[in-house]
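An overview of the molecular structure
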Amino acid sequence: MARSEADLRRFLHGLPGVDQVGAEGRAAGLFTRSIKTTAKAWAIDMAISMVDLTTLEGADTPGKVRSLCAKAMRPDGTAPAVAAVCVYPDLVATAVDALQGSRVAVASVATAFPSGRAALDTKLHDVRDAVAAGAGEIDMVIDRGAFLAGHYLQVFDEIVATKAACGSAHLKVILETGELVTLDNVRRASWLALLAGGDFIKTSTGKVTPAATPPVALTMLQAVRDFHATTGSVRGVKLAGGIRTSKDAVRYLVMVNEVAGEQWLDPALFRFGASSLLNDLLLQRHKLATGVYDGPDYVTVD
C-alpha cells in the first residue's frame, strides 16, 4: 500500500464497519463462559505472567518503584513473575537496577503521555531518553486529535518515527479508545498502528474512561487476527484501564483464545496493564490452593 493521506484514508475507510450491537452481544456471550477449577488455576497463573505492573502517578518515588519491582519478580512464594514493570521515563533506571538478573521487562510510557500533545521532536526525545535508560518496551500515545480530524498520515508518520527511535525496544501504541468514540474508529486506529509498525496495540492510558471494555477488546483482537491473516505478521494486544478482578482477566483470556487464537495466549502477544489486578489474582490463586479467602493484608498495597 502506498503511503499517502489519500491511500490511508481509502484503506481505513474501506475496512468493514463494526456492528456495535453485534460486537456487544458477542463480547457479552464470551464473558458468560465458565472454566473448570484446574483450567482456572492455569488461567490465573497465565494472567499473572501477562501483567505489566504499573505505577504512573505524579507522586511516584524511587522507593515505590523498587518495591513494585520486588513484587513483580516474586508476587508471592510460588506465583510466576509478571511480564513487565511500567514507569515514567525518569524512573526507568531505578527499575532496570531493581530488576537486574530477572526476566521482568522494563516498560516506559513516552511521547508526552497521557495527552500526546507535544511537538514530534519532544516526543522522540522522550522515547530516546527512556530507551537510553534501559527500557525494553515503550508505550506511546497517538495524537487522538489528529486521528479524529482525519490526519491519518500524521499519526502514521509519528508511529513510524517513534518505532525508529525505539531501536530494539518493543513499541506498544496506545489508542486511547475512550476518546475514539466508535468501534469503527477503534478498528481504523488499530489497523493504522499495525501498518505503521506497532508491535502491540493498547487500549488506553488508564487516565480516561471508558478504557478497556469487552467490545473494544473484541475489535482490537479481530484487528491483530486479520492483520496476521493478511500480512503474516504477528502483533500483540494490551488491555489497560479498569481491569481489576481475576474474573474479568480470565474472561478476557477466553476472548483472546476464541477471537485471536491460542497463539495469543502468551505474554509475548497479550498483556494486562494494571496496578490493582495482580492483588486480586494472588488472592484468587491462594483461594484455589487453600479453599479459603484471605484478608486484604495477604497482599501488599501498591
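Residues numbered from 1 in each chain as written. Predicted model: local features only at pLDDT ≥ 70, side-chain atom pairs only at ≥ 80, totals over all residues. Heavy atoms only, no water.

1. Re the side chain of Asp 52
What counts, and what does not: Strands here mean DSSP runs of E at least two residues long; helices mean DSSP runs of H or I at least four residues long; both are numbered from the N terminus. N or O atoms within 3.5 Å of each other form a polar contact, as long as, within protein, one can give a hydrogen and the other can take it, and as long as residues adjacent in sequence are counted only when both atoms are side-chain atoms. Whether two residues are in contact is decided by their heavy atoms, any of which lying within 4.5 Å being enough.
Mapping Asp 52 onto the fold places it in strand 1 (residues 51-54). Of note is the side chain of Asp 52, whose polar atom sits 2.8 Å from the side chain of Lys 238. With near-sequence residues (within four places) excluded, Asp 52 lies in contact with Ala 83, Ala 84, Glu 137, Lys 172, Lys 238, Arg 271, Phe 272, Gly 273 and Ala 274.

2. Regarding the nonpolar core
The tendency in soluble globular proteins is for nonpolar side chains to be buried side by side. The condition that has to hold: We call a set of buried residues a nonpolar core when its members are Ala, Val, Leu, Ile, Met, Phe, Trp, Tyr or Cys and they connect through side-chain atoms within 4.5 Å of each other. Only protein chains enter the calculation, and the probe is 1.4 Å; a residue is then buried if its accessible area is under 20% of its type maximum, exposed if over 50%, and partly exposed in between.
Grouped together as the largest cluster of nonpolar side chains are 92 residues, with contacts concentrated most on Ile 138, Ile 159, Leu 253, Met 255, Phe 270 and Phe 272. Apart from residues lying up to four places away in sequence, Met 255 is in contact with Ala 27, Leu 30, Phe 31, Pro 214, Ala 217, Leu 218, Leu 221 and Ala 260.

3. Thoughts on the environment of Thr 182
In this structure, Thr 182 sits in the loop between strand 5 (170-174) and helix 9 (183-195). Along the chain, Thr 182 and Ala 83 lie 99 residues apart, while their C-alpha atoms are 30 Å from each other.

4. With respect to helix 3 (residues 37-49)
Think of an α-helix as 3.6 residues a turn; residues three or four steps apart then line up on the same face. Put simply, the rule is: A helix is expected to reach a length of 1.5 Å times the quantity of its residues less one.
With 13 residues, helix 3 ought to run about 18 Å at 1.5 Å a step, and its terminal C-alpha atoms sit 19 Å apart, in line with that. Turning to helix 3, its buried residues are Ala 43, Ile 44, Met 46, Ala 47, Ile 48 and Ser 49. Looking at the buried positions of helix 3, the neighbouring elements they touch are strand 1, helix 11 (246-260), strand 8 (270-274) and helix 12 (277-290).

5. Remarks on the state of the cysteines
Rule in force here: Whenever a pair of cysteine sulfur atoms sits within 2.5 Å, that pair is classed as a disulfide.
Inspection of the entire model under this criterion finds zero disulfides. Cysteine Cys 69 is unpaired, with the sulfur of Cys 86 as its nearest cysteine sulfur at 11 Å. Note on Cys 69: relative accessible area 0%, which makes it buried. With no disulfide partner, Cys 166 has as its closest neighbouring cysteine sulfur the one in Cys 86, 13 Å distant. Taking relative accessible area as the criterion, Cys 166 reaches 0% and is therefore assigned buried.

6. Some details on helix 4 (residues 62-73)
Heads up, the rule is: The arc under discussion is defined with respect to the helix axis, by the directions toward the C-beta atoms.
Here helix 4 spans 17 Å end to end across 12 residues, near enough to the 16 Å set by a 1.5 Å rise per residue. Listed in full, the buried residues belonging to helix 4 are Val 65, Leu 68, Cys 69, Lys 71 and Ala 72. The buried side chains of helix 4 occupy one side of the element, clustering within an arc of 160° when seen end-on. In this structure, the buried residues of helix 4 make contact with strand 1, strand 2 (84-87), helix 5 (92-98) and helix 12.

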